[in-house]
Amino acid sequence: MQQFLNIVNGETLANGSGRWIDSEDPFTGKVWSQIPQGTTQDAEAAIAAAFDAGSSGPWASMTPTVRGKLLHRLADLIERDAEKLATLEVRDNGKLRAEMLGQVRYLPEYYRYFGGLADKIEGGVLPSDKPDMFTYTRHEPLGVVVCITPWNSPLLLLTWKLAALLAAGNTAVIKPSEFTSASTLAFVALFKEAGFPNGVVNTVTGYGHEIGAALTEHPKVAKVAFTGGDATGKAVYQAAAKGMKHVSLELGGKSPNIIFDDANLDDAVKGAISGIFAASGQSCIAGSRLLVQRSIYKEVAQRVTEFAATAQLGNPMDEATQVGPITTRPQRQKVLEYIAVAKDEGATCLLGGKVPDRADLADGWFVEPTIFGDVTNAMRIAQEEVFGPVLSIIPFEDEEDAIRIANDTIYGLAAGIWTGSIRRAFKMSNALRAGTVWVNTYRAVSFMAPFGGYKQSGLGRENGQDAIYEFLQTKCVWINLAEGVPNPFVLR
Ligand code: NAP
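On a predicted model such as this, the values are computed, not experimentally measured, just so you know.

(A) Structural view of the site of the ligand. Neighbouring the ligand are 31 residues, the closest being T149, E178, T232, L251 and E385. Between the ligand and the protein, one listed contact pairs an oxygen atom with a backbone N or O atom of G228 at 3.4 Å. Protein chains shield 87% of the accessible area of the ligand, which is 910 Å² for the free molecule. It is helix α8 (residues 208–217) that provides the largest number of residues to the shell around the ligand, a total of five residues. Taken together, the residues that form the shell around the ligand break down as 14 nonpolar, 13 polar and four charged. In terms of domain composition, the shell around the ligand takes at least three residues from each of domain 1 (2–251 + 457–476) and domain 2 (256–439).

(B) Structural detail: the packing of helix α10 (residues 265–276) against helix α11 (residues 297–309). α11 packs onto α10 with a crossing angle of 55 degrees between their chain directions and a minimal axis gap of 10 Å. In terms of axis orientation, α10 runs oblique to α11. Judged by the sense of rotation from one axis to the other, the crossing of α10 with α11 is right-handed. Only E299, V300, R303, V304, F307 and A308 of α11 make contact with α10, whose side of the interface consists of L265, D266, V269, K270, A272 and I273. Of the residues contributing to the contact of α10 with α11, the split by class is eight nonpolar, no polar and four charged.

(C) View of helix α9 (residues 230–242). Taking 1.5 Å per residue, 13 residues should reach 18 Å; α9 reaches 19 Å between its end C-alpha atoms and fits that length. Looking at the buried residues of α9, the elements they touch are α8, β10 (221–227) and β11 (246–250). Phi turns positive, to about 50 degrees, at M244, one or two residues after α9.

(D) Layout of the domain arrangement of the protein chain. Domain assignment breaks the protein chain into domain 1 (2–251 + 457–476) and domain 2 (256–439). Using C-alpha coordinates to define each centre, domain 1 is positioned 31 Å away from domain 2. Between domain 1 and domain 2 lies a buried interface of about 2,200 Å² when both sides are counted; carbon and sulfur atoms form 63% of it. Contact with domain 2 buries surface across domain 1, with F27, W151 and S457 losing the most and accounting together for 31% of the total. For the interface between domain 1 and domain 2, the tally reads one salt bridge. In this structure, R329 engages E24 in a salt bridge whose closest nitrogen and oxygen atoms are separated by 3.5 Å. Counting every contact that joins domain 1 to domain 2 gives eight residue pairs in polar contact (both at pLDDT 80 or more). Breaking the side of domain 1 that touches domain 2 down by element, the ones donating at least two residues are α3 (64–93) and α4 (97–117). For the side of domain 1 that touches domain 2, the element with the most residues is α3, which contributes five residues. The residue inventory of the side of domain 1 that touches domain 2, partitioned by class, reads seven nonpolar, eight polar and 11 charged.

Criteria and thresholds
Residues numbered from 1 in each chain as written. Predicted model: local features only at pLDDT ≥ 70, side-chain atom pairs only at ≥ 80, totals over all residues. Heavy atoms only, no water. Near = heavy atom within 4 Å. Polar contact = N/O pair within 3.5 Å; in protein donor to acceptor, adjacent residues only side chain to side chain. Areas by Shrake-Rupley, 256 points an atom, 1.4 Å probe, with all protein chains shown as cover. Helix = DSSP H or I, 4+ residues; strand = E, 2+ residues; numbered from the N terminus. Nonpolar A, V, L, I, M, F, W, Y, C, P; charged D, E, K, R; others polar. Domains from an automatic or database assignment. Axes fitted to C-alpha atoms, helices over the stretch in contact; angles between N-to-C directions. Parallel < 35°, antiparallel > 145°, perpendicular 65-115°, else oblique. Left-handed = near helix turned anticlockwise from the far one by under 90°. Contact = heavy atoms within 4.5 Å. Expected span 1.5 Å × (residues − 1). Buried area = accessible area lost by both parts, 1.4 Å probe. Salt bridge = Lys/Arg side-chain N within 4 Å of Asp/Glu carboxyl O.

Okay, here's the thing in structure tokens:
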């Protein structure tokens, strides 16, 4: 049994509560590791360490160029340990090793990108209508940033926050998901080796309603950078408002993946599959609503169903496996409940719809790749995030109809368009209310590309150059060059 410990102020923190949270391997269903059930005292210690590191000491006085070099060193260490970190993620969340290794091997690019940006954040000297004044701006760090992450891609989603916030000169306290903390704790151990001063990056594991809430409400915290479900995101938003904290919220989605009759159907079918069955549908950007033009609806539904039926379910560690288990036992239950809801609502189950009947998968939390036809956009299965391998296929008539259906949701995280027409690609991209639109591709992300939600999919953007300003505040400095102070009773 492996046990992982928190890191606070550069040192591992003894498990003060003496209580451990078990982490179960989603493929075997057995406990494989434990993490501390953190306490409010642990949260207090982590915030104190982050606050002190950001207010005095080497990090507070470090030049952005040196900060950037540390981020580059960290990137080298991630590269060295990628296999180990990816393996921890697979044990915790059951996603394919091929996917997690790809993600971890890509992380260094984020740290190098934002490391390079650290010393390119320039304030400005302002033109002035007041000739006796010299006025300039500075971009200053916010302070302590709490990063709260979900279980589906722990290190990738942490990195989307951490690389930018550190480049901007902030410090961090991380609360990973109770289900998948191991890789985060192993990763944060690398900061000391990379040469980061103590206290710059700290962790507190535990339950969201205890530790997450304590961190969010703490008066010394300047910002909460959150990724998770929309209900939790709203609770975090409300708690943060009490202390007037900055927030960024990366929440759920019900993304439309839209196939027109002029699309290359071989590509579009693969795009539909990758949109929903990759990562067993446990992806915020899952293309869970497949909108298909009515003239090709039958053909596409049949081809997607036949393709999905060939997906190899199995051990996520095996290279041949294409669909792994659901990450947590309660999440599998939720997915099965949504399948029942879809059947009750009158959707036609074209594929799957149950736990696979295979002895070699019996210990894991599998759900068969599931496809529903005859779905209307008003059904719960088309409106609510399932976060599992469940696809709803919805017919549409023309561009206007596709836009109407696609935008008819509280969410707005991502959308896909499959078409051979450049005119249509532009028109649809402009009309869709989503933070990311893919044309003739799906599920692409990059450190260079801003990511975030419209509507209830969230607030703020991660990645891309502008993301660093989410962790900076602008100060304007006025220097009076005139002799004497004029009339003190009027605004200057
Ligand atoms: P979740 O239940 O909302 O949990 C997210 C994180 O919040 C976890 O660390 C959780 O801790 C913590 N938490 C729970 N209650 C809290 C509270 N009262 N105060 C502060 N923190 C609290 O989400 P999840 O089930 O882990 O992840 C799946 C969701 O994440 C899906 O909705 C998915 O769409 C979304 N997601 C969004 C993006 C994006 O970039 N937009 C990316 C990936 C996932 P515990 O684990 O201990 O409960």
